Amino acid sequence: MTDTTLTETAAGIADLTLEEKASLTSGGSFWTTKPIERAGIPAIMLTDGPHGLRKQAGASDHLGLAESVPATCFPPAVGLGSSWDAELAERVGAALGVESAIENVAVLLGPGVNIKRSPLCGRNFEYFSEDPIVSGVLGAAVVRGIQSKGVGSSLKHFAANNQENDRMRSSSDVDERPLREIYLRGFQRVVEGAQPWTVMCAYNRINGVYASEDPWLLTKVLRDEWGFDGLVVSDWGAVNERIPSVSAGMDLEMPSSGGHTDVELVAAVQDGSLDESVVDTAAGRVLDLIRKSQAGAGSISGPLDVDAHHALAREAAGRAIVLLKNDGDLLPLRSQRSVALIGAFVDQPRFQGAGSSMINPTRVDQVALEIVAKAGEDFVFQAPGFTLNGSGDAAELRADAVALAAQKDVAVVFLGLPAAAESEGYDRDHIDLPEVQLELLDAVLEVNPNTVVMLSNGSVVALPFRDRVPAIVEGWLLGQAGGGAIADVLYGDVNPSGKLTETIPVRLQDTSAFLAFGGTDGHVRYGEGIFVGYRWFDARDLEVAFPFGHGLSYTTFAYADAAASVTANGDIDVRVTVTNTGDRDGREVVQVYTSLPGSSVQRPVRELKAFASVALAARESREVVLPVRRQDLAYWSVRAQRWVVEGGSYVVDVAASSRDLRGSATIEVEGDAVSLPLTRESSMGEVLAHPVAGPIVQHAMAGMADMLDGAVSIMPEGVDMMKMMDSFPIGRIGMMAGEGFSPEMVDQLLAMANASQPQA
Ligand code: BGC
């Protein structure tokens, strides 16, 4: 960064030379843009992200190798997302904004809202969900929070970046409908609802085209359709060819190319192959970004309130923990009863994932100390049970841990994925916990039935022991205050309220991308279409270990009086009365799913449309209103090339999870008027359904009656001739009707029909 600030008198695009404009559109260093001191234009810093600030003071790299300034490590998206709480996510975003502002960072590189297509993606811990509404709502909240402090966010990785394998070349081959409905929907929600200052284009290709070179993605969809008016920055090293990138709408290449690609830009303008206005546009957006970041610069200064941010990190971590199972109310644990803390994660907590998002935390909670503070010093005992790197004598470690567990009232076994098992840059090839951990758990269970499994993992793991263990707590990756939060939940100072934003499958083989994940020959086919996550498990009616949306509490909730009504603007208000039926204060994540029986298009069994995290005191009852936006009912019509809300009777399920429906209502929704022009390719069915052409064709078909009669006579009884004809293209009707229906007559009919209706 230079000390220069962009002054009122700073030059605009018109005052800059071509070389200066080109220089603005690529990095000056690993993390900064280039200043133009002659023109009073400063450099700004863009840095990681997403769940904390990773500002490198010395050496720079995009994989989190070199050290960075201490910053609060909040729960990564896998944890924050499990809160299903936009208000909390916004507060965390605001804290990220403050830390960035104090460090003079203009743009924090996050949040990531890619869909968790498979549990195998090495970077799932950086993403919120397998569902686009969860990803979009929480992503928008984080963006709002960051930007409320005068710091920009960078929505990433745009788009269809759902695996790490061959991430810088691989093509995500996705049909348009799943691309729109599953993979872009979350991005769209964040862009339209929170206007991030920047969007980061992904490394991968989409349907063969690099995201960084895709005018459809970066200009047509992002800007023309969604109204994005910020800057597109490349993921670090995502630019393949500079000229096609800038032409497609990729404004800022990061990190520095050493100026080489700026020279290419200048040469292309000079030889007439690139219009200078393209460079002006990109450079203008860089200038806008600098102006935005300078507007609030200096208004927030240090020192960082480390304690306050650590407390927020602990609150968020407590809200992220998901209580998967709690038979016999084994949890919460009581103080003054002996507890054996078993597992290497007790002393070596796994609280964030590896790669570019790795934060250098201001401090890290030690769970054992936190538990001592709750249980009492004389009641807490520890045995590692295994090592994370396979060193040591496994049998001896296990025997010691089992001996300890046998003597104590309760055993809490900390299991999880060692850091090396999941990371940015590569994917997993299975979802199993290490064998040594599973063996240890089995041995502990034999000596102590009061066993709690406490999990630390950035993406789902198989839980083959789920029927044998009375209590299972999913702790994901919880950030630097995870130790305190785990103690809070285990001892009931925080009543767990997190829910799963991704399905936990019984087996990897059951997941939708099982056969295609990773790809072949540089292409990965998204053959499951819109059936991702719970949409897949429900459509196939597959058993799951724990369903999407699941999470227990130390209290219980009852749902009553579910109702739905259409509001003046066409949205749907869903109402339900939720009662905390227990003696403990708690929170319930109420979910709304919709379905449309008899839909004209293929649809998932049900899809999440709205949710709310509701705090209810013991015995409190409250009516909760969950607005479902009309646009969220829409499917992407490939034929009409637009979103379409289909009319009909929608079933609205109010639920505690995707498989725990607690109330239902139906609501009539008026559909969008879509009239597609009829062409020779239109089917008989489509023509017959047309208000003008239909009756005419019906009439003409009467003339074909003789021929049809003849045909019917040799057909088996009950065969429906009209059904057979339904998909017959009208342009080829002459083949059947002969002279009776000439091509000219067909064209006249189509022209008349099309003239009768305004086209979509
Ligand atoms: C990652 C981005 C990150 C960037 C800068 C890339 O490798 O994909 O998420 O923001 O590096 O570190």
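This is a predicted model, so every value here is computed, not measured.

Colleague: Before we move on, can you summarise the overall build of the protein chain with the specific residues and values?
Modeller: Along the backbone of the protein chain there are 21 helices and 26 strands. In terms of overall dimensions, the protein chain is globule-like: its C-alpha atoms have a radius of gyration of 29 Å, near the 27 Å expected for 760 residues. Evaluated residue by residue, the protein chain yields a buried proportion of 60% over its 760 residues. The distance from the centre of the 60 positive side-chain charges to the centre of the 100 negative ones in the protein chain is 3 Å.

Colleague: How would you explain the nonpolar core if you had to name every residue and give the values?
Modeller: Membership of the largest hydrophobic core comes to 104 residues, with the highest contact counts inside it found for Phe158, Trp236 and Leu608. Considering each element in turn, this core owes the most residues, nine residues, to helix α4 (residues 132-147). Among the domains, domain 1 (317-539) and domain 2 (557-669) are the pair contributing at least three residues each to this core. Leave out the neighbours within four places in its chain, and Leu608 touches Trp84, Asp131, Ile133, Val134, Tyr534, Phe548, Gln591, Val592 and Tyr593. Ranked by size, the runner-up nonpolar core spans 69 residues in total, among them Leu323, Ala375, Ile486 and Leu500.

Colleague: Can you break down the pattern of salt bridges residue by residue, with the values?
Modeller: In a structure, side chains of opposite charge can pair up when their charged atoms sit close to one another. In the structure shown here, the tally under the stated rule is 60 salt bridges. In this structure, Glu126 and Arg123 form a salt bridge, with 2.6 Å as the shortest nitrogen-oxygen distance. Per residue, the accessibility class of Glu126 equals that of Arg123, and both read buried. For Arg466, the salt bridge is made with Glu543, and the minimal N-O distance between the two is 3.7 Å. Of this pair, Arg466 sits in the loop between β13 (451-456) and β14 (471-474) while Glu543 is found in the loop between α15 (534-539) and β17 (544-546), placing the two residues 77 residues apart along the sequence. It is possible to trace a salt-bridge network through shared partners that takes in Arg123, Glu126, Glu164, Arg167 and Glu424.

Colleague: Hey, could you go over helix α11 (residues 367-375) for me, with residue numbers and the actual values?
Modeller: Considered for burial, the residues of α11 that qualify are Val367, Ala368, Glu370, Ile371 and Ala375. Seen along its axis, α11 keeps its buried residues to an arc of 160°; they face one direction. For α11, exposure combined with an orientation more than 90 degrees from the buried face picks out Leu369 and Ala373. Gly376, located one to two residues past α11, shows a positive phi value of around 105°.

Colleague: Run through the sheet that holds strand β19 (residues 572-580), naming residues and quoting values.
Modeller: Strand pairing in a sheet is mediated by backbone hydrogen bonds. Such pairs are either parallel or antiparallel. Pairing within the open sheet is antiparallel, and its three strands lie in the order β18-β19-β22. The open sheet has two edge strands, β18 (557-566) and β22 (621-628), and neither has a second partner. Between one strand and the next, the sheet's axes are offset by a mean angle of 20°, whatever the strand orientation. Here β19 runs beside β22; their pairing, made up of eight bridges, is antiparallel. From the neighbouring strand, Ile572 faces β22, where its bridge partner is Val628.

Colleague: Go over the packing of aromatic side chains with me, naming the residues and quoting the values.
Modeller: In total, this model carries eleven aromatic pairs according to the counting rule given. A centroid spacing of 6.0 Å and a plane angle of 90° characterise the contact between Tyr534 and Tyr593, whose relative ring orientation is edge-to-face. In this pair, Tyr534 sits in helix α15 while Tyr593 sits in strand β20 (residues 586-595), placing the two residues 59 residues apart along the sequence. Grouping residues by exposure puts Tyr534 and Tyr593 together as buried. Put simply, the rings of Trp84, Tyr534, Phe548, Tyr593 and Phe611 touch in pairs and so form one group of aromatic residues. If you follow Arg180 out to its NZ or CZ, it ends over the ring of Trp636, 3.9 Å from the centre. The ring of Phe381 carries Lys408 above its face, with NZ or CZ at 3.7 Å from the centroid.

Colleague: Describe the layout of surface pockets, listing the residues and the values that go with them.
Modeller: Within this model, the largest pocket holds a volume of roughly 640 Å³. In this structure, the largest pocket is lined by 24 residues; those nearest its centre are Arg639, Val674, Ser675, Leu676 and Glu686. Those elements that place two or more of their residues in the lining of the largest pocket are β23 (635-637) and α16 (684-688). Its residues assigned to classes, the lining of the largest pocket comprises eleven nonpolar, nine polar and four charged. By volume, the second largest pocket amounts to about 400 Å³. Contributing to the lining of the second largest pocket are 23 residues, with Gly551, Leu552, Ser553, Thr555 and Thr556 lying nearest its centre. For the lining of the second largest pocket, the secondary structure elements donating two or more residues are β9 (322-326), β25 (648-657) and β26 (660-669). Taken domain by domain, the makeup of the lining of the second largest pocket includes at least three residues from each of domain 1 (317-539) and domain 2 (557-669).

Colleague: Just give me the short version of the environment of Arg319, but keep the residues and values in it.
Modeller: Topologically, Arg319 is positioned in helix α10 (residues 306-320). Residues Arg319 and Leu433, spaced 114 residues apart in sequence, show a C-alpha to C-alpha distance of 24 Å.

Colleague: Please give an account of the packing of helix α17 (residues 693-702) against helix α21 (residues 743-755) that cites residues and values.
Modeller: For the pair α17 and α21, the least separation of the axes is 9 Å and the interaxial angle reads 155°. Classed by the angle they form, the pair α17 and α21 counts as roughly antiparallel. Facing Ala693, Ile696 and Val697 of α17, the residues of α21 in contact are Leu749, Met752 and Ala753. For the contact of α17 with α21, a count of residues per class yields six nonpolar, no polar and no charged.

Colleague: Can you lay out the environment of Gly28 for me, pointing to particular residues and giving the numbers?
Modeller: Structurally, the position occupied by Gly28 is in the loop between α1 (18-24) and β1 (46-48). With relative accessibility at 41%, the residue Gly28 sits in the partly exposed group. Sequence separation of Gly28 and Ala406 is 378 residues, and the distance between their C-alpha atoms is 61 Å. Sequence-distant contacts of Gly28, that is, excluding residues within four places in its chain, are made with Thr33, Lys34 and Ser256.

Colleague: Hey, could you go over empty space enclosed by the protein for me, with residue numbers and the actual values?
Modeller: Counting across every chain of the model gives five cavities of 30 Å³ or more. In this structure, the largest cavity spans a volume of roughly 140 Å³. Considering the residues around the largest cavity, the lining is formed by 18 residues, among which Pro349, Arg350, Gly482, Gly483 and Ile486 are closest to the centre. Here the lining of the largest cavity gets three residues from one element, more than from any other, and that element is helix α14 (residues 482-490). Each residue belonging to the lining of the largest cavity can be placed in one class, and the counts come to ten nonpolar, six polar and two charged.

Colleague: Please give an account of the site of the ligand that cites residues and values.
Modeller: The full set close to the ligand counts 15 residues, and Asp48, Arg123, His157, Tyr203 and Asp235 are the nearest of them. For the ligand, an oxygen atom lies 2.9 Å from a polar atom in the side chain of Lys156. The contact in question runs from an oxygen atom of the ligand to an N or O atom on the side chain of His157, over 2.7 Å. In terms of residue class, the shell around the ligand is made up of five nonpolar, three polar and seven charged.

Colleague: Mind laying out a nonpolar patch on the surface, listing which residues take part and the relevant values?
Modeller: There is a patch of nonpolar side chains on the surface, built from Met715, Val719 and Met724 and spanning about 240 Å² of accessible area. Summarising the element assignment, Val719 is placed in the loop between α18 (705-714) and α19 (721-725). Residue classification places Val719 among the partly exposed residues on the basis of a relative accessible area of 36%.

Colleague: Quick one: what's the story with the domain arrangement of the protein chain, residue by residue and with numbers?
Modeller: Partitioning the protein chain into domains gives domain 1 (317-539), domain 2 (557-669) and domain 3 (684-755). Between the C-alpha centres of domain 1 and domain 2 the distance comes to 31 Å. At the junction of the two partners, domain 1 supplies 13 residues and domain 2 supplies 19 residues. Both faces considered, domain 1 and domain 2 share a buried interface measuring about 1300 Å² in area, 49% of it formed by carbon and sulfur atoms. When the buried area of domain 1 at its contact with domain 2 is split by residue, Lys499, Tyr534 and Asp538 rank highest and sum to 39% of it. Where domain 1 meets domain 2, there are four salt bridges. The element best represented in the side of domain 1 that touches domain 2 is α15, accounting for five residues. The residue makeup of the side of domain 1 that touches domain 2, split by class, is six nonpolar, three polar and four charged.

Criteria and thresholds
Residues numbered from 1 in each chain as written. Predicted model: local features only at pLDDT ≥ 70, side-chain atom pairs only at ≥ 80, totals over all residues. Heavy atoms only, no water. Helix = DSSP H or I, 4+ residues; strand = E, 2+ residues; numbered from the N terminus. Rg over C-alpha atoms; globule rule 2.2 N^0.38 Å. Buried < 20%, exposed > 50% of the residue type's maximum accessible area, 1.4 Å probe, protein only. Lys, Arg positive; Asp, Glu negative; His and termini not counted. Charge placed at Lys NZ, Arg CZ, Asp CG, Glu CD. Core = buried A, V, L, I, M, F, W, Y, C linked by side-chain atoms within 4.5 Å. Domains from an automatic or database assignment. Contact = heavy atoms within 4.5 Å. Salt bridge = Lys/Arg side-chain N within 4 Å of Asp/Glu carboxyl O. Arc of directions from axis to C-beta. Pairing = 2+ DSSP bridges. Axes fitted to C-alpha atoms, helices over the stretch in contact; angles between N-to-C directions. Phe/Tyr/Trp six-rings, centres within 6.5 Å; stacked < 30°, edge-to-face > 60°. Lys NZ or Arg CZ within 6 Å of the ring centre and 35° of its normal. 1 Å grid on protein atoms, 1.4 Å probe; cavity = no way out; pocket = protein on both sides within 12 Å on 5 of 7 lines; lining within 4 Å. Points joined across faces, edges and corners; volume = space filled by probe spheres on them. Nonpolar A, V, L, I, M, F, W, Y, C, P; charged D, E, K, R; others polar. Parallel < 35°, antiparallel > 145°, perpendicular 65-115°, else oblique. Near = heavy atom within 4 Å. Polar contact = N/O pair within 3.5 Å; in protein donor to acceptor, adjacent residues only side chain to side chain. Patch = residues over 30% accessible without salt bridge, like charges linked within 9 Å, V, L, I, M, F, W, Y side chains within 5 Å. Areas by Shrake-Rupley, 256 points an atom, 1.4 Å probe, with all protein chains shown as cover. Buried area = accessible area lost by both parts, 1.4 Å probe.

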